[in-house]
Structure formats: C-alpha cells, structure tokens
Amino acid sequence: VRVYISMAMLPASMKALVKESPGASYEYREVSVPAPQGDELLVKVGKVALCGSDINLYQWNNVAQTIAKIPFTPGHEMVGEIIAVGPEAPPKYAVGKRVCVENHFYCGHCYQCTHDLPHICQNLNQFGHGKGTVYGGCSEFTIIPAKYAYLLKTNLDDTRAALLEPCGVAHQALEEINPRGDDILVQ
C-alpha cells in the first residue's frame, strides 16, 4: 500500500534562503512549496550543514561562478523526511522515510559515469548550487529526484546525518588513495 499526502494538506508557501543575483548576498524569503513531479520526492528538511562552498556561493566569487548558476537555494548537505512523492517515484521511497541527498547529479551516460566515476561526471549538475535544479536544503521543503536520495537505514540523528555528504567525500578520497598499511594524517 502506497501512502500519498495531498499537496492541499501542506502549506502553500515556505521560508527559504535564495540567491537570485550576483554579489555577496542571500535572501531569506517566502517562496512556494514545490510539488513533486515524475520520480521526485518532496522532503521536509530536518537539518542542513554549511560547507565552505556555501561561503563562496554567498560571496559570488570566481569559485562560485564556476560551480553554480543563479537562481538557487543553497544547502547541499542535508537530511529530511519524505512527505510526498511524484507518481513515478520507486515504491521504496515512501512518505515518512528519512533521506539524505547525493548532491552530485550525475548523468549516467558520459565516459566517467560509465566507468564508475560519477563524482566527476562531464555533465555534472549539483543540488544546492543551481546546476540542473534550483533546489537546496536551506528551505523548509525541497525537491530531490529519487535517483539522488539515499534512504537512511539507521537511527542516526539529523545533526549527524546532515554530515554524511562531507563524510562521503572523505571516504571517496581514502578509497582513491588506498592507504592500507600506511600512516596518514587527515586534516
């Protein structure tokens, strides 16, 4: 049995941090609550962590202009609860389940993706950076395509779960260098 929540049961608007113009700025304002389409999930944000890239995005420096596209809501390190699903979302993504986001929206078709390197996809879009989606975690609700949502299978609290993305970056780096038997310093 699939549970659906009617969008009519949710508020029409929400608070969100948005970046709509170049320069050192974010705006905290009221925006519409989006409705999930296709395989998308509407997620009530539980916690969001801030990354060094969010500072670059705020300042809109050269780094930001390379990694992001205006307009967008920042916040690519987040955890939340599914509160609505699009009609094509896989059944495992059910209302009430907790998810984290894979912020690298890889294409699945380029050379890197077909060689198990989606984190360096040639056509990379990014959640919380305005590339391929305007959505991010610095809002009350957000949209995540099911393909990029990780179901949490533990009772990890929201504060720790929001940090799974940066932990994943560190894990990926360690897998790449394979330091077995070596002494290493992680800073």
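Our structure's up above, just so we're on the same page.
The notes below deal with the structure included here. (Residues numbered from 1 in each chain as written. Predicted model: local features only at pLDDT ≥ 70, side-chain atom pairs only at ≥ 80, totals over all residues. Heavy atoms only, no water.)

1. Thoughts on the overall build of the chain
Then step 1. Within the chain one finds 5 helices and 9 strands.
Then step 2. The N-to-C order of helical and strand elements in the chain reads β-β-β-α-α-β-β-β-α-β-β-β-α-α.
Then step 3. In terms of C-alpha radius of gyration, the chain reaches 17 Å, essentially the compact-globule figure of 16 Å for 187 residues.
Then step 4. The principal-axis extent of the C-alpha atoms belonging to the chain is close to 55 × 45 × 35 Å.
Then step 5. Burial analysis of the chain (187 residues in total) assigns 38% to the buried set. (Helix = DSSP H or I, 4+ residues; strand = E, 2+ residues; numbered from the N terminus. Rg over C-alpha atoms; globule rule 2.2 N^0.38 Å. Buried < 20%, exposed > 50% of the residue type's maximum accessible area, 1.4 Å probe, protein only.)

2. Brief notes about the layout of surface pockets
Then step 1. Roughly 520 Å³ of internal volume is contained in the largest pocket.
Then step 2. Forming the walls of the largest pocket are 17 residues, and the residues nearest its centre are Glu102, His104, Tyr150, Gly168 and Gln172.
Then step 3. At the level of elements, β5 (98–101) and α5 (164–177) are the ones that each hand at least two residues to the lining of the largest pocket.
Then step 4. In terms of residues, the lining of the largest pocket owes the most to one element, α5, which gives 6 residues.
Then step 5. Its residues assigned to classes, the lining of the largest pocket shows 8 nonpolar, 5 polar and 4 charged.
Then step 6. Quantified by volume, the second largest pocket comes out at close to 190 Å³. (1 Å grid on protein atoms, 1.4 Å probe; cavity = no way out; pocket = protein on both sides within 12 Å on 5 of 7 lines; lining within 4 Å. Points joined across faces, edges and corners; volume = space filled by probe spheres on them. Nonpolar A, V, L, I, M, F, W, Y, C, P; charged D, E, K, R; others polar.)

3. Description of the packing of aromatic side chains
Then step 1. Within this structure, the stated rule accounts for 4 aromatic pairs.
Then step 2. Seen in terms of ring centroids, Phe105 and Tyr148 are 4.2 Å apart; in terms of plane orientation they differ by 10 degrees. Their pairing is stacked. Placement of the pair is Phe105 in strand β6 (residues 104–105) and Tyr148 in the loop between β8 (141–145) and β9 (149–151), with a sequence separation of 43 residues. With respect to burial, Phe105 and Tyr148 carry one shared label: buried. (Phe/Tyr/Trp six-rings, centres within 6.5 Å; stacked < 30°, edge-to-face > 60°.)

4. Side note on the sheet that holds β5
Then step 1. Ordered in space as β8-β3-β4-β5-β9, the 5 strands form an open sheet in which the pairing is antiparallel. Each edge of the open sheet carries a strand with a single partner, namely β8 and β9. Adjacent strand axes in the sheet meet at a mean angle of 45 degrees, parallel and antiparallel pairs treated alike.
Then step 2. Sheet analysis places strand β4 (residues 77–85) next to β5, joined by 3 bridges and oriented antiparallel. The residue of β5 that forms the bridge with Gly80 is Val99. (Pairing = 2+ DSSP bridges. Axes fitted to C-alpha atoms, helices over the stretch in contact; angles between N-to-C directions.)

5. Points about the nonpolar core
Then step 1. Of all hydrophobic cores here, the largest spans 16 residues; its most connected members are Leu41, Val43, Met78, Ile82 and Ile144.
Then step 2. Beyond its immediate sequence surroundings of up to four residues, Ile82 is in contact with Leu41, Leu42, Val43, Tyr93, Ala94, Val95, Gly96, Lys97, Val99 and Leu151.
Then step 3. Val33, Leu42, Ile83 and Ala84 belong to the second largest nonpolar core, which has 11 residues in total. (Core = buried A, V, L, I, M, F, W, Y, C linked by side-chain atoms within 4.5 Å. Contact = heavy atoms within 4.5 Å.)

6. Describing the pattern of salt bridges
Then step 1. Applying the stated criterion across every chain yields a total of 5 salt bridges.
Then step 2. For Lys15, the salt bridge is made with Glu30, and the minimal N-O distance between the two is 3.4 Å. With Lys15 in strand β1 (residues 13–18) and Glu30 in strand β2 (residues 27–32), this pair connects stretches of sequence that are 15 residues apart.
Then step 3. Under the relative-accessibility criterion, Glu30 is labelled partly exposed at 41%.
Then step 4. One salt bridge connects Glu20 with Arg29, and the closest N-O pair in it is separated by 2.5 Å.
Then step 5. The exposure class of Glu20 is partly exposed, given its relative accessible area of 42%.
Then step 6. Owing to a relative accessible area of 26%, Arg29 belongs among the partly exposed residues under this scheme. (Salt bridge = Lys/Arg side-chain N within 4 Å of Asp/Glu carboxyl O.)

These figures come from the coordinates and say nothing about function on their own.
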